[in-house]
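# Fold and geometry: a report
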Amino acid sequence: MKFEIYHQLGHNGTWNIDSIKNENTGEGIIISPRSMNKKNTEKIEESLRKKAIFDPLLLNPHQVNTKMATYDFYPNDVMPYGFETKQFSQYSSIIANKCIKFQDQNDFRYFVIPTRYYNDMPPVSTLTRILNEHFIDPFLTAIENLGSHKGVIIQLILNSNMIKNDEYASDLLNWITGIEGIDGVYLITELSPRDKQIGDVDFLYSLLNFVNALSQNELEVILGYLNTEALLLSIANPSIITIGSYENTRNFNSNNFIYDNEKTGQKGPTPRLYIPRLLDWIEHPYIDLMNKTDPDYIRSAAHNEYLDQVLKPGYKWHFTKPEPYKHFFIEGYKQLREISIVEDNERYCEICNIIDSATREYSQLKEAGFELGVAGSYLPKWSTAAHLFAKKQGWRK
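Residues numbered from 1 in each chain as written. Predicted model: local features only at pLDDT ≥ 70, side-chain atom pairs only at ≥ 80, totals over all residues. Heavy atoms only, no water.

## Section: the overall build of the protein
Inclusion rule: A run of DSSP states H or I qualifies as a helix once it reaches four residues; a run of E qualifies as a strand once it reaches two. Both are numbered from the N-terminal end. Each radius of gyration reported is based on C-alpha atoms, and the globular scaling rule is 2.2 Å times the count of residues to the power 0.38. We call two residues in contact when some of their heavy atoms are within 4.5 Å. Under the counting rule used here, the positive set is Lys and Arg, the negative set is Asp and Glu, and His together with the chain ends is not counted. A charge is said to be at NZ when it belongs to Lys, at CZ for Arg, at CG for Asp and at CD for Glu.
The helix and strand tally for the protein stands at 16 helices and 10 strands. Its C-alpha atoms give the protein a radius of gyration of 21 Å, near enough to 21 Å, the size a compact globule of 397 residues would have. Projected onto its principal axes, the C-alpha positions of the protein cover 65 × 50 × 35 Å. Intrachain contacts of the protein at a sequence separation of at least 6 include 70% that bridge at least 24 residues. Computing the positive centroid from 41 side-chain charges and the negative centroid from 50, the protein places the two 5 Å apart.

Structure (structure tokens):
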């Protein structure tokens with residue numbers, strides 16, 4: 001199945017929107033109130049807004065940040081004494097009606113039913129009862145009262161233990177596929193702790209199986225907060241895959257949604273540049289050294305105006321500068337688009353070729369004297385997950 005590519009908006013989301021408009025690097029956007037206030041959401045160009053997915057972001061109902069406070073559907077606005085779990089059911093219909101009304105007025109692509117985040121593994125019966133009572137049922141009722149026939153997507157945020165536990169995942173799948181009136185799932189997963197690239201082969205293999213099971217049940221599957229593992233996960237036939245700029249849009253971390261943690265003055269990350277043939281973001285001192293000692297190699301990594309800019313002598317690297325991210329939008333989109341046009345076994349074989357090629361690139365760089373630390377160490381894990389999944393599908397003996 002051919003998938004679409006959406007931008008997961010975060011801070012400086014105008015970079016993503018400009019890239020979509022000017023370089024055609026995506027089919028749509030996922031909007032987060034955490035990084036875009038109500039007024040700016042409503043100001044998004046209509047043609048883009050109608051294809052957009054709106055994430056209501058109720059995963060931490062205890063808190064909102066200043067941008068989220070501009071919306072009227074958060075518990076702190078609706079409930080007289082702020083969020084209280086025991087009292088939430090009494091107000092869930094009000095919250096649902098306000099949230100669905102906003103989604104309807106802005107004519108987003110789908111109605112999205114939000115969820116809560118749990119860092120442990122409550123019994124599936126407990127988890128699903130809470131989600132049904134607080135979100136699924138009141139939101140479906142609000143949508144039904146509108147009389148709209150627009151598609152309905154439920155959001156799920158699952159931690160790695162939920163995904164890796166076969167029985168738990170199976171029970172969740174049975175619950176999801178039994179919900180009447182929904183068309184798909186907006187799935188976000190958290191692996192904690194994790195490196196910048198996912199190296200947990202059990203998690204990747206289990207996630208491939210989970211996504212594939214949803215797809216086999218004819219549900220649309222939107223995968224949020226993805227880094228370059230998006231390439232690997234595409235073999236499970238999702239409907240929409242995401243790309244993002246800052247790391248917090250490419251790696252879901254629940255700590256980012258504890259808004260007391262949003263402090264100024266914190267040191268930013270080391271700027272990096274995405275190298276398509278390596279399937280990774282490389283720290284800029286290595287990029288500068290490659291450009292100095294082997295300019296043909298780094299300049300052949302990609303061809304776009306933003307790469308040209310960062311390779312100019314005297315370029316001032318900083319994590320707040322747009323060029324490295326706009327370079328990634330172009331090159332990441334290009335990689336994903338090329339594999340989206342092939343399916344099933346053919347896509348699996350193509351991704352294996354890409355992974356094998358990246359592995360060889362790292363070896364060649366090492367021979368040339370570039371020691372990139374753990375960079376590339378995740379690639380055998382990706383290959384293993386892909387091979388095991390392919391064997392289960394009958395694509396490999």
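## Quick notes on the pattern of salt bridges
As a reminder of what qualifies: Think of a salt bridge as a Lys or Arg side-chain nitrogen and an Asp or Glu carboxyl oxygen that are within 4 Å of each other. Note on classification: 1.4 Å probe, protein chains only; a residue is buried when its accessible area is under 20% of the maximum for its type, exposed when over 50%, partly exposed between these limits.
Scanning all chains against the criterion turns up 10 salt bridges. Note that E45 and K21 form a salt bridge whose closest N and O atoms lie 3.2 Å from each other. Here E45, found in the loop between α2 (38-42) and α3 (46-49), pairs with K21, found in helix α1 (residues 13-23); they are 24 residues apart in sequence, far enough to count as distant. Note on E45: relative accessible area 42%, which makes it partly exposed. Across the pair K334 and E331 runs a salt bridge whose closest N-O atoms are separated by 3.4 Å. On the criterion of helical spacing, the pair formed by K334 and E331 is a turn pair, its members being three residues apart in helix α14 (residues 323-340).

## Let's talk about unusual backbone geometry
Put simply, S192 and P193 share a cis peptide bond, and its omega is -5°. Tracing the sequence through the fold places P193 in the loop between β6 (184-190) and α9 (201-216). You will see that D107, though not glycine, has its phi angle at about 55°, which is positive. Relative to the elements of secondary structure, D107 occurs in the loop between α5 (85-106) and β4 (111-113).

## Some remarks on the domain arrangement of the protein
Interfaces are often sized by the amount of accessible area the parts lose when they come together. We count it as follows: For the purposes of this description, domain bounds are those given by an automatic or database domain assignment. Summed over both partners, the accessible area (1.4 Å probe) lost when two parts come together is defined as the buried area.
When the domains of the protein are assigned, the result is domain 1 (4-260) and domain 2 (272-393). Distance from the C-alpha centre of domain 1 to the C-alpha centre of domain 2: 28 Å. Contacts between the two partners involve 38 residues from domain 1, matched on the other side by 35 residues from domain 2. Both sides together, the interface formed by domain 1 and domain 2 hides about 3300 Å², and carbon and sulfur atoms give 71% of it.

## Remarks on the pairing of strand β1 (residues 4-8)
To keep it simple, the criterion reads: Two strands are counted as paired when DSSP detects at least two bridges linking them.
Taken across its five residues, β1 has four buried, putting it largely inside the fold. Examined bridge by bridge, β1 and strand β8 (residues 240-243) share four bridges and lie parallel to one another. The partner of H7 across the bridge, within β8, is I243. One ladder, built from three bridges, connects β1 with strand β2 (residues 28-31); its direction is parallel.

## Quick word on a negative patch on the surface
What counts, and what does not: Residues form patches when they are more than 30% accessible in relative terms and have no salt bridge. Like charges link within 9 Å. Nonpolar side chains (Val, Leu, Ile, Met, Phe, Trp, Tyr) link within 5 Å. Only the protein chains shown count as covering a residue, and every accessible area follows the Shrake-Rupley method with a 1.4 Å probe.
Together, E338, E343, D344, E346 and E350 make up a negatively charged patch on the protein surface. No other element matches helix α15 (residues 344-367), which puts three residues into the negative patch. Mapped onto the elements, E338 comes out in helix α14. Judged by relative accessible area, which is 52%, E338 ranks as exposed.

## Describing the pairing of strand β9 (residues 272-275)
In the sheet, β9 pairs with strand β10 (residues 280-283) via four bridges, with the strands oriented antiparallel. Of the residues in β10, the one forming a bridge with Y274 is W281. The antiparallel hairpin formed by β9 and β10 contains four residues in its connecting segment, where L279 sits at a positive phi of about 55°.

## Describing the packing of α5 against helix α6 (residues 124-146)
Heads up, the condition is: Every axis in this analysis is a line fitted to C-alpha atoms, fitted for helices over the stretch in contact. Angles between the N-to-C directions lie between 0 and 180 degrees. Put simply, angles under 35 degrees are roughly parallel, angles over 145 are roughly antiparallel, angles from 65 to 115 are roughly perpendicular, and the rest are oblique. Each crossing is labelled by how the near helix is turned from the far one, with a counterclockwise turn of less than a right angle marking it left-handed and a clockwise turn marking it right-handed. All amino acids are sorted into three groups, where Ala, Val, Leu, Ile, Met, Phe, Trp, Tyr, Cys and Pro are nonpolar, Asp, Glu, Lys and Arg are charged, and the leftover types, Gly among them, are polar.
Where α5 meets α6, the closest approach of the two axes is 8 Å, and the angle between their N-to-C directions is 40°. The orientation of α5 relative to α6 falls into the category oblique. Crossing handedness for the pair α5 and α6: right-handed. Here α5 contributes T85, F88, S89, S92, S93, I95, A96, N97, C99, I100 and D104 to the contact with α6, which in turn contributes E133, H134, F135, P138, F139, A142, I143 and L146. A class-by-class count of the residues in the contact of α5 with α6 yields 11 nonpolar, six polar and two charged.

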